[in-house]
Each structure stands twice: as C-alpha cells, then as structure tokens.
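Chains, contacts and geometry: an overview
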Amino acid sequence: MGAAGLTPGVCAAVRTGRSLFPRGVVFTEAAAAMWEQPLPVAEEQHLAGAVPRRIREFRAGRHSARAGLARIGLRPELLLPAPGGGVRWPSGAVGSISHSGRYCAAAVAPAALAAGIGFDAAQRTTVTEVMARAVCRPEELDRCERDPYPAEERATLVFSAKEALYKALHPLTGVPLGFQDVTVTVPAARLTSGRFWARVLAPGPLSGLRVQGRYAFTATEVLTSVVLSHHPTTGKEPTR
Ligand SMILES: CC(C)(COP(=O)(O)OP(=O)(O)OC[C@H]1O[C@@H](n2cnc3c(N)ncnc32)[C@H](O)[C@@H]1OP(=O)(O)O)[C@@H](O)C(=O)NCCC(=O)NCCS
C-alpha cells in the first residue's frame, strides 16, 4: 500500500493522471473487472456483431467513464455513442475514452471547467517506421533523431498527440483532420512526461490553431491529452 493507503497500481494511475491533466479533470484507468462486466442493454446493443476485443474495450471504456463521472457527482443512465463518433456525455460533463487492447482509461471533467477533452493511449511501439511516414510530417520525423527514446516511440507519441487533438476538436467542430494536417512539436523531450504543442496547418476554420497538450509514458503505453479551455472556433469559454 502507498502512503495514502492506496495500492501501488492505483498510486501510479494517480501520478499519471496528475502529469496528464490539469486539476479538476478526473482520470480513471480500467480495473480488470471492467473489461468483462456487461453494460446496460441499450449500450450493449451497440456491440451487435462486434469481435471479442471490441466488446471488452467498449465495456472497459464505459465503466471507466462512469467511475470518473461518479467522482464529479454524475450518474448517467446511459453513455451512448455520439452520431459523429465519441460519446454522448451527460449534460454538465465533457470527456474522452481510449483503449489500446490491454489498456483503457477515461478522462472526464465538469463542463464548467473545459470546453473539450481529448485523451489517447497507444502501445509504445504502435507506429512502425513504415507507418511513421504516413502519420508524421517530415519535420516531425527529423526531430525523432534528436530524441532520448527510440524512433518508434517518438513516432507513436506524435501519432497519439494527433489523435488526442482530434478527439478534443472533432465533437466541437465536426472538422475532419488528417495526420498531415497537424504538426506536433515536443519542445523538451523527456522520458517520463511533458508537454507538446500541436498546430493545425490545413486551411479551414481551424487553420493556425495552436494547442498545448501533455504526454506521459507508462511501462507499456504512450498517453496523451488535450484539454481545451475554450471553444476552438467561437472562442467561447465554458460557463463557470
Ligand atoms: C477517432 C479516433 C481518433 C479514435 O482513435 P483510436 O486510436 O482508433 O481509438 P481509441 O481507443 O484511442 O479511442 C476510441 C474512442 O474514441 C472515442 N471517439 C471515437 N470517435 C471520436 C470522435 N470523432 N471524437 C471524439 N472521440 C471519439 C470513442 O469514445 C471511442 O471509444 P468507444 O467507441 O469505445 O466509445 C480514430 O479512429 C480516428 O478516426 N482517427 C483519424 C483522425 C485523426 O486522428 N486525425 C489526426 C489528425 S488531428
């Protein structure tokens, strides 16, 4: 047990959450039982014909999100998929889910705190050299050579950062963005955790948008987050 009476695994998750998110965002990693436990019927209906891996991930994501929402005082009956992807979060909350086969977590916050959240998890070596050419821009690949970690892990960090950005922006704007439409910079690459900048290069309503995100490496995963303090196109701040 750790100093606060928590098990080492829970302590590690708390530390990870602190490096990834500002205060007020609740980060919940899926416990073993969450991958198996069935969801309400109306949610399970979205799994018709799904392969076992998808069923497990969907369940783990929804249970993690529910656990996080309970911590901010919300107990929604259902967390149904949103029409454009993502989750129909209950009124008063924003959030994001990610799963990578053996890891799953959710981040949620009161809607008064953030306009949107994007969270992504990827296994550390998800992006191979061949895949990196599609995911990374030339300047991002160039920076890989100067990093303290292997090129695959750097490319996975860039990949995950772009996915986190997409998950934060897409529900608010509906703007499609490809991997070459965004450039990610990691100013002082560190082995454990830090910040990155993502800038939208594509023309359109998000052109020139620059957003700061955070990353953290666990033993097996690269985790990234983007928390939007205001709406990316209208500039509207959450009503506090
Ligand atoms: C949507 C996307 C980012 C999801 O990422 P992924 O690595 O496939 O899967 P993850 O496990 O990390 O995340 C899946 C969760 O993301 C959420 N999600 C799916 N589509 C989403 C969207 N449009 N907006 C926000 N969240 C979304 C869902 O909650 C989903 O889990 P669930 O179906 O169990 O509820 C990815 O499939 C995609 O479409 N990428 C292309 C766009 C992109 O990333 N561009 C990068 C340039 S910015």
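Residues numbered from 1 in each chain as written. Predicted model: local features only at pLDDT ≥ 70, side-chain atom pairs only at ≥ 80, totals over all residues. Heavy atoms only, no water.

- Going by the annotation in an unreviewed UniProt entry, the name recorded for the protein is 4'-phosphopantetheinyl transferase, with Streptomyces agglomeratus given as the source organism.
- Of the protein, the UniProt comment under Cofactor (unreviewed entry) reads exactly: "Mg(2+)". (UniProt positions renumbered as here; feature names shortened; annotations may be inferred.)

Regarding the overall build of the protein
- If you tally the helices and strands in the protein, you get six helices and eight strands.
- Since a compact globule built from 240 residues should have a radius of gyration of about 18 Å, the 17 Å found for the protein is in line with a globular shape.
- Counting only C-alpha atoms, the protein reaches 45 × 45 × 40 Å along its principal axes.
- Taking all 240 residues of the protein together, 48% fall into the buried category.
- Restricting to contacts in the protein with at least 6 residues of sequence separation, those with at least 24 account for 58%. (Helix = DSSP H or I, 4+ residues; strand = E, 2+ residues; numbered from the N terminus. Rg over C-alpha atoms; globule rule 2.2 N^0.38 Å. Buried < 20%, exposed > 50% of the residue type's maximum accessible area, 1.4 Å probe, protein only. Contact = heavy atoms within 4.5 Å.)

Describing the domain arrangement of the protein
- Segmentation of the protein into domains returns domain 1 (8-119) and domain 2 (125-228).
- Here the C-alpha centroids of domain 1 and domain 2 sit 22 Å apart.
- Contact residues are listed per partner, giving 21 residues for domain 1 and 17 residues for domain 2.
- With both sides pooled, the region where domain 1 packs onto domain 2 buries about 1500 Å², and carbon together with sulfur makes up 56% of that total.
- Taken together, the connections running from domain 1 to domain 2 amount to one salt bridge.
- Applying the counting rule to domain 1 against domain 2 returns eight residue pairs in polar contact (both at pLDDT 80 or more).
- Sorting the residues of the side of domain 1 that touches domain 2 by element identifies helix 1 (8-20), strand 2 (93-99) and strand 4 (116-123) as the ones contributing at least two each. (Domains from an automatic or database assignment. Buried area = accessible area lost by both parts, 1.4 Å probe. Salt bridge = Lys/Arg side-chain N within 4 Å of Asp/Glu carboxyl O. Polar contact = N/O pair within 3.5 Å; in protein donor to acceptor, adjacent residues only side chain to side chain.)

Focus on the site of the ligand
- Residues in close proximity to the ligand total 21 residues, the closest being Arg54, Arg62, Ser98, His99 and Glu163.
- In the model, an oxygen atom of the ligand is placed 2.7 Å from a nitrogen or oxygen of the Arg62 side chain.
- For the ligand, the accessible surface in isolation is 910 Å², of which the surrounding protein chains cover 78%.
- Broken down by element, the residue count for the shell around the ligand peaks at six residues, all from helix 6 (residues 151-173).
- When residues of the shell around the ligand are assigned to domains, at least three map to each of domain 1 (8-119) and domain 2 (125-228). (Near = heavy atom within 4 Å. Areas by Shrake-Rupley, 256 points an atom, 1.4 Å probe, with all protein chains shown as cover.)

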